[in-house]
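Here's the letter readout for the chains.
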Amino acid sequence: MILKNKFDFIKSNIKTFLYLYSQIANCMSNCAKMSYNYHTPVMLEEALAGLNIRPDGVYADLTFGGGGHSRAILDRLGPDGHLYGFDQDLDAMHGAPEDERFTFVRSNFRYLQNWMTYYGHETVDGILADLGVSSHHLDEAERGFSFRFDAPLDMRMNQRASLTARKVVNEYTEAQLADIFYLYGELKQSRRVAAAIVKARNSAPIETTGQLSELMNPILGFGREKKDLARMFQALRIEVNGEMKALRQMLHSATQLLAPGGRLVVLTYHSLEDRMVKNIIKSGNLEGRTSQDIYGRSLSPLQSVGKMQVPSTEEQEGNPRSRSAKLRIAEKI
Ligand SMILES: C[S@@+](CC[C@H](N)C(=O)[O-])C[C@H]1O[C@@H](n2cnc3c(N)ncnc32)[C@H](O)[C@@H]1O
């Protein structure tokens, strides 16, 4: 009799046992993976609070990176919840948790809607996007994202993509280059920078981040060379990775895909990105055109949850890369 009761007890709790076992195994494997600091997640607590996670919900982290946000989401999901982690970078995939509640999707997040349909979800309960590049990108010299190293001009997040920074720098017209530096880098000297690039490449192609930085040094603002170089490199990276187009498509898909009450949480690092996010939340479109019903109520499918947030002073001091972050949270109506 006692034996039978014990057996029933174990049988009825087998799912919980398996779940706890997978949690311990996962935690051990994550600890091993985290010994190399791929990326420190920004505004982790604020972003998680924004997602308002339901333990049995379906969530998408569109920018897995080092998985800091994803792991914290998994910690709050129960055995019936599921998280899809997107990243277009192969390096990010190597850090994906081995957890049956997690699926890594190696893809650009612009295809979010297609992937969710493929996995059988008409709606999801929350979407997180922490835009831009990871510390891993900036710290790995050979990826060509940083002016701190001399490396081939690459800057692709997706190693399978055909457009590289080398192509942009050597093949775009002077006017195209000036537009990119002005729009995506907000560089005051955008025309002079573009002209200098075109003049230099007429003698020989510009191959490395070092050559490009050296070429720019006499043109950039005195005393603010590093800031201007950072803006210039940011502009090239945004162009190489088609970041604005991907963001536009993703915001449209996310708005449609969220279930009523579902949350959209977006961390941006650039004013153009932030404007798009702000507009889609306010009006349901990227231009910020507001439409109202006959009673004057907004027809936007999203409503803002609280105000835009920035990292605390402590976080900014502890993680200087968080400094330009802006967090916006919205709920599907
Ligand atoms: C700022 S990091 C995210 C860091 C992550 N939240 C963490 O805690 O480690 C951005 C990541 O998103 C990826 N990414 C950026 N744009 C993407 C896009 N359009 N589609 C898929 N992945 C993208 C980058 O490769 C990078 O790994």
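You'll find the structure just up there.
Residue numbers run consecutively from 1 along every chain, following the written order of its sequence. Per-residue local features of the predicted model are confined to residues with pLDDT of at least 70, and side-chain atom pairs are confined, for both listing and counting, to 80 or more; whole-chain, interface and lining totals are unaffected and use all residues. Based on all heavy atoms of the structure, the side-chain values leave hydrogens and waters out of the count.

What about the overall build of the protein chain?
Secondary structure is summarised from DSSP: a helix means a run of H or I of at least four residues, a strand means a run of E of at least two, and numbering begins at the N terminus for each. Within the protein chain, the regular secondary structure consists of 15 helices and seven strands. Any two residues whose heavy atoms approach within 4.5 Å are treated as being in contact. The contacts in the protein chain between residues at least 6 apart in sequence include a share of 66% that link residues at least 24 apart. Surface exposure here means Shrake-Rupley accessible area, sampled with a 1.4 Å probe, where a residue is shielded only by the protein chains that are shown. Counting every atom, the protein chain has about 17100 Å² of accessible surface; 55% of that belongs to carbon and sulfur.

Quick notes on unusual backbone geometry
Phi angles above zero are rare outside glycine, and Met 43 is one such case at about 50 degrees. The residue Met 43 is located in the loop between α2 (14-33) and α3 (44-51) in this model. In this structure, Met 155 takes a positive phi of about 70 degrees despite not being glycine. Take Met 155: it is sitting in the loop between α7 (135-139) and α8 (165-171).

So, the site of the ligand
Residue proximity to a molecule or strand is established when one non-hydrogen atom of the residue lies within 4 Å of it. Contacts to the ligand come from 24 residues, most closely from Gly 66, His 69, Asp 87, Phe 109 and Asp 130. At 2.9 Å from an oxygen atom of the ligand is found a main-chain nitrogen or oxygen belonging to Gly 66. Pairs of N or O atoms are called polar contacts if they sit within 3.5 Å, as long as, within protein, a hydrogen donor faces a hydrogen acceptor (for residues adjacent in sequence, only side-chain-to-side-chain pairs). One of the side-chain nitrogen or oxygen atoms of Asp 130 is found 2.8 Å away from a nitrogen atom of the ligand. Protein chains shield 98% of the accessible area of the ligand, which is 600 Å² for the free molecule. Within the shell around the ligand, the residues separate by chemical class into eight nonpolar, 13 polar and three charged. Basically, the charged four are Asp, Glu, Lys and Arg, the nonpolar ten are Ala, Val, Leu, Ile, Met, Phe, Trp, Tyr, Cys and Pro, and anything else, Gly included, counts as polar.

Quick word on a positive patch on the surface
Surface patches are defined over residues having more than 30% relative accessible area and no salt bridge, joining like charges when they lie within 9 Å and nonpolar side chains (Val, Leu, Ile, Met, Phe, Trp, Tyr) when within 5 Å. In the sections that follow, a salt bridge refers to a side-chain nitrogen of Lys or Arg positioned within 4 Å of a carboxyl oxygen of Asp or Glu. We score Asp and Glu as negative and Lys and Arg as positive, and we do not count His or the chain ends. All charge positions are set by atom: Lys at NZ, Arg at CZ, Asp at CG, Glu at CD. On the surface, Lys 188, Lys 227, Arg 231 and Arg 323 cluster together into a patch of positive charge. Secondary-structure assignment places Arg 231 in helix α12 (residues 225-240). Only protein chains enter the calculation, and the probe is 1.4 Å; a residue is then buried if its accessible area is under 20% of its type maximum, exposed if over 50%, and partly exposed in between. A relative accessible area of 31% places Arg 231 in the partly exposed class.

Details of the sheet that holds strand β6 (residues 302-304)
Taking strand neighbours across the sheet as the criterion, the seven strands line up as β3-β2-β1-β4-β5-β7-β6 in an open arrangement whose pairing is mixed. Each edge of the open sheet is held by one strand with a lone partner, namely β3 (102-105) and β6. Between one strand axis and the next, the sheet turns by 20 degrees as a mean value, whatever way the strands run. Pairing geometry for strand β1 (residues 58-61) and strand β4 (residues 124-130), over three bridges, is parallel. Residue Asp 61 lies in a different strand from β4, and its bridge partner there is Leu 128. Contacts from α3 reach β1, β4, β5 (258-268) and β7 (326-332) within the one sheet, and its direction differs from that of β5 by about 165 degrees. Along the sheet, helix α13 (residues 243-257) makes contact with β4, β5, β6 and β7, crossing β5 at roughly 150 degrees. Strand pairing follows a simple DSSP-based rule, namely that at least 2 bridges must link the two strands. Only the stretch in contact is used when fitting a helix axis, every axis being a line fitted to C-alpha atoms; angles between N-to-C directions are given from 0 to 180 degrees.

Description of the pattern of salt bridges
Per the stated rule, a full pass over the model turns up 16 salt bridges. Across the pair Asp 154 and Arg 156 runs a salt bridge whose closest N-O atoms are separated by 2.8 Å. A relative accessible area of 17% places Arg 156 in the buried class. The residue Glu 243 makes a salt bridge to Arg 237 at a minimum N-O spacing of 2.8 Å. Glu 243 gets classed as buried once you look at its relative accessible area, which sits at 10%.

Re helix α11 (residues 209-216)
Within α11 the residues assigned to the buried category are Thr 209, Leu 212, Ser 213 and Met 216. For α11, the angular spread of the buried residues around the axis is 95 degrees, confining them to a single face. Its buried side turned inward, α11 meets α8, α10 (190-203) and α12. To obtain the arc, one takes the directions from the helix axis to the C-beta atoms.

A few points about the packing of aromatic side chains
Stacked, tilted and edge-to-face pairs are distinguished by plane angle, under 30 degrees for stacked and over 60 for edge-to-face with tilted covering the rest, among Phe, Tyr and Trp rings (Trp via its six-membered ring) whose centres lie within 6.5 Å. Evaluation of the coordinates by the stated rule reveals seven aromatic pairs. Ring plane angle 45 degrees and centroid distance 5.5 Å describe the contact between Phe 64 and Phe 102, whose orientation is recorded as tilted. In this pair, Phe 64 sits in the loop between β1 and α4 (68-76) while Phe 102 sits in strand β3, placing the two residues 38 residues apart along the sequence. An identical accessibility class is assigned to Phe 64 and Phe 102; each is buried. An angle of 80 degrees between the planes, with centres 5.0 Å apart, marks the rings of Tyr 118 and Tyr 119 as edge-to-face. For Tyr 119, a relative accessible area of 30% gives the class partly exposed. Grouped by ring-pair contacts, the aromatic residues Tyr 84, Trp 115, Tyr 118 and Tyr 119 constitute a single cluster.

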